[in-house]
Amino acid sequence: MSDGAPHDLLEWMRQLQMDMAMHYGQIRKRSHEDPGTAGDQGESDWAKLLAEWLPPTLQVVTKGRIIGPDNTVSRQVDVLVLKDVYPRGMLNRKLYLSSGVAAAFECKTTLRSQHIAEAVMVGKDIKELCGSRKGNPYDELHTPIIYGLLAHSHNWTRDISRSDNTVTTKLLEADRHYVTHPRECLDLLCVADMGMWASWKSTFVPPSRFATLAGYGDHGAVASEYVAFSRRHNREGGPFTPIGSLIAYLSRRLAWEIPSLRQLADYYYQVSLTGGGTVHRRTWASSIYSDPVRDRVERGQMVPAGLGVWDEWSSQFY
């Protein structure tokens, strides 16, 4: 039985947090001498963390471009997570087939405002390589490749409430400026010493007070949501680490495409590895769905969301 102490997993995440902070201090001390090497070290830190905490069947590589079925090639990204089916003969070519990429990340040692807008733009381009999927709400609101921005630290005030508000503001601004469909949202943004921002998707079906307030009447509405997880949201909620929140959320997103991960992803949520957060919502008309999906949505034929619900017709994906 539990003795009321924090779960051991939360303590392990705290150790990872301290290790990342130590590495950041070392990188900063030498960055003015060799910025390129400092950046490479930052990417290596994140690649090592992902390789150690994602399933061993997923290959983690650094520095590569993604090529789509139409031969379109992305900009270089810093860290890529490859599916277990990825051909060995292609592992060292630095041009990765989009259908074999599970996730991709831009890495920054010190996050600045312009990095957020750049990440949203690059993420949109990479998601376009995959094309759109149809047939159910999950497929139509997501692309197979998860894209995110990872940073050791940031260049804003150490007042946690002000600095994480800055990230939220910049992320929402970039989203409204560049994102034209919910599937194009930046999937996650993690600043190791501040917080983690995750993209959720929700569908509000008739009769829905929210849909009515949003101006979509009895036809339902879709929301793309950025949930901000940070220390200031967890003052009463026990231990919290942005890295723990990252691992829990990334595992859950990967599990939608890799079902063998689902039990572990549920476990992370059961021990509250994500922590608590604040939702920032953008609404869309249900017309963003294809006709067959919209018809079911507008008739209220969705599955109630909840932990352990892995249904492509769920009313919420988180």
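The structure contained in this document is the topic of the report that follows. Keep in mind that what you see is a predicted model, and the values were worked out from it rather than measured. (Residues numbered from 1 in each chain as written. Predicted model: local features only at pLDDT ≥ 70, side-chain atom pairs only at ≥ 80, totals over all residues. Heavy atoms only, no water.)

## Brief notes about the overall build of the chain
Stage number 1. Along the backbone of the chain there are nine helices and 10 strands.
Stage number 2. Within the chain, buried positions represent 52% of all 318 residues.
Stage number 3. Counting only carbon and sulfur atoms, one obtains 49% of the accessible surface of the chain, whose full area is about 14,500 Å². (Helix = DSSP H or I, 4+ residues; strand = E, 2+ residues; numbered from the N terminus. Buried < 20%, exposed > 50% of the residue type's maximum accessible area, 1.4 Å probe, protein only. Areas by Shrake-Rupley, 256 points an atom, 1.4 Å probe, with all protein chains shown as cover.)

## Describing helix H3 (residues 113-130)
Stage number 1. With 18 residues, H3 ought to run about 26 Å at 1.5 Å a step, and its terminal C-alpha atoms sit 27 Å apart, in line with that.
Stage number 2. Immediately beyond the C-terminal end of H3, within one or two residues, lies Gly131, with a positive phi of roughly 75 degrees. (Expected span 1.5 Å × (residues − 1).)

## Thoughts on the pattern of salt bridges
Stage number 1. Scanning the entire structure with this criterion turns up 15 salt bridges.
Stage number 2. Among the ionic pairs, Lys127 bridges to Asp187, the shortest N-O distance being 2.5 Å. Of this pair, Lys127 sits in helix H3 while Asp187 sits in the loop between helix H5 (160-178) and strand S6 (188-191), and the two are 60 residues apart along the sequence. Taken individually, Lys127 and Asp187 each receive the classification buried, so the pair is uniform in this respect. (Salt bridge = Lys/Arg side-chain N within 4 Å of Asp/Glu carboxyl O.)

## Here's the deal with the side chain of Arg252
Stage number 1. Following the sequence through the fold, Arg252 ends up in helix H7 (residues 242-257).
Stage number 2. A polar contact is formed between the side chain of Arg252 and the side chain of Asp266, at a distance of 3.0 Å.
Stage number 3. When sequence neighbours within four positions are dropped, the list of residues in contact with Arg252 reads Ala265, Asp266, Tyr269, Gly306, Leu307, Gly308, Val309, Trp310 and Tyr318. (Polar contact = N/O pair within 3.5 Å; in protein donor to acceptor, adjacent residues only side chain to side chain. Contact = heavy atoms within 4.5 Å.)

## As for the packing of aromatic side chains
Stage number 1. Under the criterion given, the structure shown has eight aromatic pairs.
Stage number 2. Aromatic side chains Tyr138 and Phe317 sit 5.4 Å apart centroid to centroid with 75 degrees between the ring planes, which places their arrangement in the edge-to-face category. Note that Tyr138 is positioned in helix H4 (residues 137-141) and Phe317 in strand S10 (residues 316-317), a separation of 179 residues in sequence.
Stage number 3. In this structure Tyr138 comes out as buried when scored by relative accessible area, which is 2%.
Stage number 4. Using a relative accessible area of 2% as the deciding quantity, one classes Phe317 as buried. (Phe/Tyr/Trp six-rings, centres within 6.5 Å; stacked < 30°, edge-to-face > 60°.)

## Focus: the environment of Ala103
Stage number 1. Among the secondary structure elements, Ala103 is positioned in strand S4 (residues 101-111).
Stage number 2. In the structure, Ala103 is positioned 147 residues away from Leu250 in sequence and 9.0 Å away in space, judged by C-alpha atoms.
Stage number 3. Setting aside chain neighbours within four positions, we find Ala103 in contact with Val79, Leu80, Val81, Ile145 and Ile146.

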